[in-house]
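Results of the structural survey
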Amino acid sequence: MTRNAFTLGDAAREFLRHPSPWMIGTALIVSVVARGAVGDWQLTDALVPAVMLAAFPFFEWLVHVFVLHWKPRRLGPITLDSLLARDHRLHHIDPRDIPLIFIPWRALLWILPVATAVGLLAFPRLGLGLTFLSVLTVLGLSYEWCHYLIHSDYKPKTRIYRAVWRNHRQHHYKNEHYWFTVTTAGTADRALGTYPDPATVPTSPTSKNLHAAMPAPQ
């Protein structure tokens, strides 16, 4: 199917063939139902989503830089290298390999329980913790959809999405040391110094092979 013929419906059908959206979506439904059952709505239930929305680009940036772009390290006989980092390196090798676009389902087997534990144990009210979980799963599902759509053949049709699309594709095809946010453009990257003018940035020879040795200058 050509890029111009690939519709949002086509994208949605492919998106739903993968386990990660279903796992996060199930966690979203459970947390929303539980939040409604608990009640006890307070002003902080509106404050938590606002803070999380503002912080999410920075969370994306930190995870992308320090977890996904982790360089394997030796600690005696042990190599420190996570599944998330390994799969992300494969994702850079072939950004169009669809299963590698998604958060690995095996990682979600521990990420979702940890997030649930934080929601249930780290907040002063059960209702507030469930608000956190509901918003977190919405953000997670939005991240998966946005990331998949950028790597699909769907053609950007709005100015905002075109900026997000261009931002992430520059990270893959221009230089892997910049443009670390996925669901936004010019937010955390601008604040943290990784949003240069693309015209001033050389095309990286290692964008498809993270952590490879740079070639010697001629």
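Residues numbered from 1 in each chain as written. Predicted model: local features only at pLDDT ≥ 70, side-chain atom pairs only at ≥ 80, totals over all residues. Heavy atoms only, no water.

Concerning the pattern of salt bridges
Within this structure, the stated rule accounts for seven salt bridges. Notably, a salt bridge pairs arginine 35 with aspartate 45, separated by 3.1 Å at the nearest N-O pair. Of the two residues, arginine 35 is situated in helix 2 (residues 19-38) and aspartate 45 in helix 3 (residues 44-68); the sequence distance between them amounts to ten residues. Comparing arginine 35 with aspartate 45, the two get one shared label, buried. The partner of arginine 96 in a salt bridge is aspartate 153, with the nearest N and O atoms 2.9 Å apart. Within this pair, whereas arginine 96 is found in the loop between helix 4 (83-93) and helix 5 (98-101), its partner aspartate 153 is found in the loop between helix 7 (126-151) and helix 8 (159-173), the two being separated by 57 residues in sequence. (Salt bridge = Lys/Arg side-chain N within 4 Å of Asp/Glu carboxyl O. Helix = DSSP H or I, 4+ residues; strand = E, 2+ residues; numbered from the N terminus. Buried < 20%, exposed > 50% of the residue type's maximum accessible area, 1.4 Å probe, protein only.)

A short note on the side chain of histidine 147
Checked against the element boundaries, histidine 147 lands in helix 7. Taking the relative accessible area as the measure of exposure, histidine 147 reaches 4% and is therefore buried. Side chain to side chain, histidine 147 and histidine 91 meet in a polar contact 3.3 Å long. A polar contact is formed between the side chain of histidine 147 and the backbone oxygen of isoleucine 101, at a distance of 2.9 Å. Every residue in contact with histidine 147, bar those within four places of it in the chain, is listed here: His91, Ile101, His168 and Val182. (Polar contact = N/O pair within 3.5 Å; in protein donor to acceptor, adjacent residues only side chain to side chain. Contact = heavy atoms within 4.5 Å.)

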